[in-house]
Amino acid sequence: MQRLIEGHKRFLAEVFPERRSHFHLLAESQAPQWLFITCSDSRIVPDMILQTEPGDLFISRSIGNVVPVSVGDVDGVSATIEYAVEVLKVPYIIVCGHSDCGAMKAALSRKGLQNLPKASRWLHHVEAAFSHRQPVNPADGDHAELCSLIRGNVVAQLINLKEQPAVARAMGRGSLQVFGWFYDILSGRIEQYDEGKRCFAPLVETAMASR
Ligand SMILES: [Zn+2]
């Protein structure tokens, strides 16, 4: 715990004073433009990879960046989506999967879930990924099969997202757009799903990214 306490001390001493006016603006309201649905994985730090600020991203995280299709049950992700769309009126929702995802590895290998009844049940939601697998990309090396499933899971969760009633209504009104992303931890690059072409392509062109 000491590391966290030291970190918070540093935040209070160095970071907060410099950005006091921004935090004061945020103290009584938020108006995020994006609902960012991603995995709980510790290596995904949205504000770092997108260079966003406090107040920018409304975030929902769960293992496997799942958007459950639940008719009767209430779950945290669906409740968060409903709030983001109906109350915060976010114009954009992004579902972001990532390379080396432990949840998707478990789904692929079907190992390691024996003593995890809740996680195991939750990960039933990623099974649709198998029917949306993306073409294997040799650039993903030894992990190409896993990465094709992870991209497939983004597509599957995007479909689930559009079935959420609040999302369907907002999209019907033309006030909401949804996107599917794949974040590669090794290169730091993001790919976006192109629904028309049914494939993933770099969010930032390679030439731009390597400048
Ligand atoms: Zn993950």
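If you're wondering where the values come from, they're calculated on a predicted model, not measured in any experiment.

Draft legend 1. The arrangement of the pattern of salt bridges in detail. Counted by the stated rule, this structure contains 10 salt bridges. For the salt bridge of Arg-169 with Glu-86, the shortest nitrogen-to-oxygen distance reads 2.6 Å. Of this pair, Arg-169 sits in helix H8 (residues 165-173) while Glu-86 sits in helix H4 (residues 76-86), and the two are 83 residues apart along the sequence. Of the residues examined, Arg-169 reaches a relative accessible area of 44% and is grouped as partly exposed. For the salt bridge of Lys-162 with Glu-195, the shortest nitrogen-to-oxygen distance reads 2.6 Å. Here Lys-162 is found in helix H7 (residues 144-163), whereas its partner Glu-195 is found in the loop between strand E5 (190-194) and strand E6 (199-202), with 33 residues between them in sequence.

Draft legend 2. Inspection of H8 at higher detail. Burial in H8 covers these residues: Ala-166, Val-167 and Ala-170. Here the buried residues of H8 occupy an arc of 95° about the axis, which is enough to place them on one side. Looking at H8, the residues exposed on the side facing more than 90 degrees away from the buried face are Pro-165 and Gly-172. Looking at the buried positions of H8, the neighbouring elements they touch are H4, strand E3 (92-98), H7 and strand E4 (177-183). Count one or two residues on from H8 and you reach Gly-174, which has phi positive near 80°.

Draft legend 3. Representation of the layout of surface pockets. By volume, the largest pocket is sized at about 580 Å³. The wall of the largest pocket is formed by 24 residues, among which Asp-184, Ser-187, Gly-188, Arg-189 and Glu-191 lie closest to the centre. Residue assignment for the lining of the largest pocket shows that the elements contributing at least two residues are H7, E5 and helix H9 (206-209). Among the elements that take part in the lining of the largest pocket, H7 stands out by supplying three residues, more than any other. By residue class, the composition of the lining of the largest pocket is 11 nonpolar, six polar and seven charged. Taken as a whole, the second largest pocket encloses approximately 230 Å³ of empty space.

Draft legend 4. Seen up close, unusual backbone geometry. We note that Gln-51 has phi near 55°; this positive angle belongs to a residue other than glycine. As for its placement among the helices and strands, Gln-51 is situated in the loop between helix H3 (46-49) and strand E2 (57-61). The residue Lys-89 is not glycine, and still its phi comes out positive at about 55°. Residue placement: Lys-89 occurs in the loop between H4 and E3. On the accessibility criterion, Lys-89 (56% relative accessible area) is exposed.

The rules behind these values
Residues numbered from 1 in each chain as written. Predicted model: local features only at pLDDT ≥ 70, side-chain atom pairs only at ≥ 80, totals over all residues. Heavy atoms only, no water. Salt bridge = Lys/Arg side-chain N within 4 Å of Asp/Glu carboxyl O. Helix = DSSP H or I, 4+ residues; strand = E, 2+ residues; numbered from the N terminus. Buried < 20%, exposed > 50% of the residue type's maximum accessible area, 1.4 Å probe, protein only. Arc of directions from axis to C-beta. Contact = heavy atoms within 4.5 Å. 1 Å grid on protein atoms, 1.4 Å probe; cavity = no way out; pocket = protein on both sides within 12 Å on 5 of 7 lines; lining within 4 Å. Points joined across faces, edges and corners; volume = space filled by probe spheres on them. Nonpolar A, V, L, I, M, F, W, Y, C, P; charged D, E, K, R; others polar.

None of the figures reported here should be taken as evidence of function without further support.
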